[in-house]
Amino acid sequence: MPLQKLQLRPGINKESTTLANQGTWFEMDKARFRSGYPEKIGGWVTDTGTSNATLAPPTGSFWGVCRSLFNWITLSSYNLLGLGTNLKFYIQSDTGGTFYDVTPIRSTTAAGDVTFAATNGSTTLTVTDNGHGAQAGDFVTYSGAIALSTQTYTADIATDTIIFTTALANGTTLELFTTTSAPAGLSTGITYFVVNSNTPAASCKLSLTSGGVAIDITTVGVGTQTFALTTGITATVLNKEYQVATVTSNNVYTITSTVAANALDVGNGGAFTVGAYQITTGSDIYTQSVGWGAGGWGGIISGVATTAVSGGTLSAVNTTVTVTSTTGFTAAGNILIDSETISYTGVTGTTFTGCTRGVNGVGSGAATTHTNGTAVVQSTTFTGWGSPAPSGVGLGIQLRLWSQANFGQDLIFNPRGGGLYYWDVNANPNIFDRGTLLTAGDTPDICNFVLVSDASRFVICFGVNGYGSAIQNPMLVRWSDQEDYTQWTPAITNQAGSFTLSDGSTIITAKQARQEILVWTDSALYSMQYLGPPYVWGFQVLAGNLSIISPNATATVNNVTYWMGVDKFYVYSGRVETLYCSLREYIFNDINLSQSFQFFANTNEGFNEIWWFYCSAGSTTVDRYVIYNHLEKIWYYGDLARTAWLDSPLRSSPMATGYNGQLIYHESGVDDGTTNPPTAITSFCQSADFNIGDGNNYAFGYRIVPDITFNGSTVNNPSVTLTLRPRQNPGSNYGSSATPTVASTQNYQSTRSYEVQQFTEIVYVRFRGRQIAFKISSNTLGTQWQLGVPLLDIKPDGRR
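Described below are features of the structure shown in this document. Here the structure is a predicted model, which means the values were calculated and not measured. (Residues numbered from 1 in each chain as written. Predicted model: local features only at pLDDT ≥ 70, side-chain atom pairs only at ≥ 80, totals over all residues. Heavy atoms only, no water.)

As for the environment of Pro104
And then number 1: Position of Pro104 among the secondary structure elements: in the loop between strand S9 (99-101) and strand S10 (105-108).
And then number 2: Taking the C-alpha atoms as reference points, Pro104 and Thr436, 332 residues apart in sequence, are found 5.7 Å from one another.
And then number 3: Non-local contacts of Pro104, meaning those with residues more than four positions away in its chain, are made with Gln278, Ile279, Phe413, Tyr421 and Gly435. (Helix = DSSP H or I, 4+ residues; strand = E, 2+ residues; numbered from the N terminus. Contact = heavy atoms within 4.5 Å.)

What follows is the structure, encoded as structure tokens:
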């Protein structure tokens, strides 16, 4: 037989059996097709930037799992990148620049509202702040605090006299000595003592030991000096950012200090301590509570809206309950205060009206009063006091997702289900202020997604509360006045307005396209177009009876939009169509739809690719990707853990983020640069089975002429492994003989692998079979490869 070309169709096809797909490729990881031929994908490196926060992240450059990346340039040509994680929001200035923490502040206390308590030898500090509103994992920054130690003393160097303003505890040791002499006498349990010695030197050292902690203070000069302790919980230790460790009650929580307290740390931080609480953190994955404890006792907590009782105590017979805000609560329903269920029939801005106590057997008309600071939680109608919540029913906690868009050189951003925030770029890029909550002009209090229309400059919010209402309507679209993000109240003098969509139950996401904005609900796709006054924006249903799997699962290339549904892919190019996918069964038969909001898409335009990242069925984190090459109209896939992706022309290569708090640049180098030192990327591509000849006879292969280029490799002797996997019939295992055993002195059926270098001309092989699969792989540092058209020398070898 003549030399047989191993020239296969590009793309991966797993929609049928491996033999039915002969002539194409069947498996792949960390490889792609370029101009029809498989090659290893590019490597990646991490950004070198670090956080400006005093509380350094445990790993990487930022806290939390990033779900949103947005890149823009200011009028002063600063290249900015917004990163939204489940814990914080950051802005980075230029590649390798600092990650500035601009997370908005939720509330700031008055001076003295925050106090601390420490335990000797422990790093756990108990913080008291009535009605703090924090949850475990939230961040708070303290200022104005003083050291927890109340021990101070005065030393008169000239007379060797030390006078203590408070008595020392028994067991305390004090030493006074010059820098050149031995320590003076020791004494315990005193209020002062005098050491009679020679004239002291100008530089003296005081050493105090208490509770096993050595405290040293050095002073220069002769005369009276006043000292405070410099170890234990000092002002420097307190006045910085902390993450809430545990929440004990509405008034008490704990933090973890960077140093352990000593026996003298008995103060409370003083009367000037201020606590600045950042907005509440979110979850990094979707979680669902079930069974006992899933909601209130015998019922279900239906929302996260929580507020604090204000205005004194709540009378046991009052028919109204006054709170700080009713934002987010339904017009009528039940609230949970401590363990008491109370029904209400109406709400105002700060009051629940028509209250009835003793609901479902909880409490009574003479119930205990609730004090200022008690939490009020929205809850559904309870299923019965003393009955467990139904199995599988509970409070689903969605993960934290951000949407963001630039308004000129400034940034508007929104945590899904939260408020609208604005970040004003500073003239000095090294001074970054925190984002601020927009409240003027009837700005929406609750929003699921925000964008800024490119040409007409409206800020548009999707899934918001209505005018004068605290209740979110997930199908409501509202927009600000043109060129004014602070004016949302419709008037004859502006273009602010709203529109409620009808096809679906909730708006999932929206995307700016050419001359229109595409809006996806959970069952339809809308086109939103600017009409001008008086209607401002018009809406048209483009297609119904479709799906979208997550808010970040869309990508637009060359005015064509692609997205991932719950069971297939779609494309919109003027009309909506199903996008053929040769990996559909592979993807949607092994996928974790409960974590679908983690899924995301973006482009890699240097290679004409759209990447979708998703969770496999056995994973609660993103571990796989699938690629559609829109130029060659082929699919391929692999395994990779990423949390966000952005291919921006403003930076040199596509950006992604991982689970270790790192910003990663892809298509940079040929190795995995997220480790130190870099590690090799394991890459391979394997063909489907193809018949040798017509498949009727066995064939014997004995040599292969490789055709491989190693352009881009960074080592002197790059190599790949070629693997030949013969088998007798489609039902046979690769590399093994079927029954009856083929009589042979050698096991030609065994899988054989051969190392091929840049100048390898011929590889002598030995295999026997009716079908064969071909594989190319690499797992060595510095190797980059692309396969051409290798030639296989095969001879007929009988039917048995």
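Next comes the rest of the account.
Describing the sheet that holds strand S38 (residues 449-452)
And then number 1: One open sheet holds the four strands; their spatial order is S38-S39-S40-S41, and the pairing between them is antiparallel. One side of each edge strand has no neighbouring strand; the edge strands of this open sheet are S38 and strand S41 (497-500). Each strand axis lies, on average, 25 degrees off the axis of its neighbour in the sheet, ignoring direction.
And then number 2: Two elements, strand S39 (residues 459-465) and strand S40 (residues 472-479), share five bridges in a ladder whose sense is antiparallel. (Pairing = 2+ DSSP bridges. Axes fitted to C-alpha atoms, helices over the stretch in contact; angles between N-to-C directions.)

Observations regarding the sheet that holds strand S60 (residues 699-705)
And then number 1: In space, the four strands of this open sheet follow the order S1-S67-S60-S64, with antiparallel pairing throughout. Looking at strand neighbours, the two that pair on one side only are strand S1 (4-5) and strand S64 (763-769), the edges of this open sheet.
And then number 2: When S1 meets strand S67 (residues 791-796), the two strands line up antiparallel, connected through two bridges. Residue pairing across strands places Gln4 opposite Leu792, the latter belonging to S67.

Thoughts on the nonpolar core
And then number 1: Ranked by internal contacts, the top residues of the largest apolar core, which has 70 residues, are Met564, Phe569, Ile587 and Trp612.
And then number 2: Considering every element that reaches this core, the biggest residue donor is strand S51 (residues 609-614), with five residues.
And then number 3: Once residues within four sequence positions are removed from consideration, Phe569 is found in contact with Trp563, Met564, Glu577, Thr578, Leu579, Cys581, Ile587, Phe588, Trp612, Val626 and Trp635.
And then number 4: The next biggest cluster of nonpolar side chains, apart from the first, holds 19 residues, and it includes Trp479, Ile507, Ile517 and Trp537. (Core = buried A, V, L, I, M, F, W, Y, C linked by side-chain atoms within 4.5 Å. Buried < 20%, exposed > 50% of the residue type's maximum accessible area, 1.4 Å probe, protein only.)

Some words on the packing of aromatic side chains
And then number 1: Scanning the model with the defined rule gives 42 aromatic pairs in all.
And then number 2: Over the face of the ring belonging to Phe26 we find Lys14, whose NZ or CZ atom lies 4.1 Å from the ring centre.
And then number 3: Above the face of the Phe607 ring, Arg32 is positioned so that its terminal group lies 3.7 Å from the ring centre. (Phe/Tyr/Trp six-rings, centres within 6.5 Å; stacked < 30°, edge-to-face > 60°. Lys NZ or Arg CZ within 6 Å of the ring centre and 35° of its normal.)

What to know about the pairing of strand S24 (residues 274-278)
And then number 1: Counting buried positions over the five residues of S24 gives five, a clear majority of the element.
And then number 2: Side chains Val274, Ala276 and Gln278 of S24 all project onto a buried face; the interleaved residues Gly275 and Tyr277 project onto the opposite face, where all are buried too.
And then number 3: As paired elements, S10 and S24 share three bridges and run antiparallel to each other. Looking at the pairing, Thr108 lines up with Ala276 of S24.
And then number 4: Looking at chain direction, strand S13 (residues 139-143) and S24 are connected through four bridges and run antiparallel. By the bridge assignment for S24, Val140 is matched with Tyr277.

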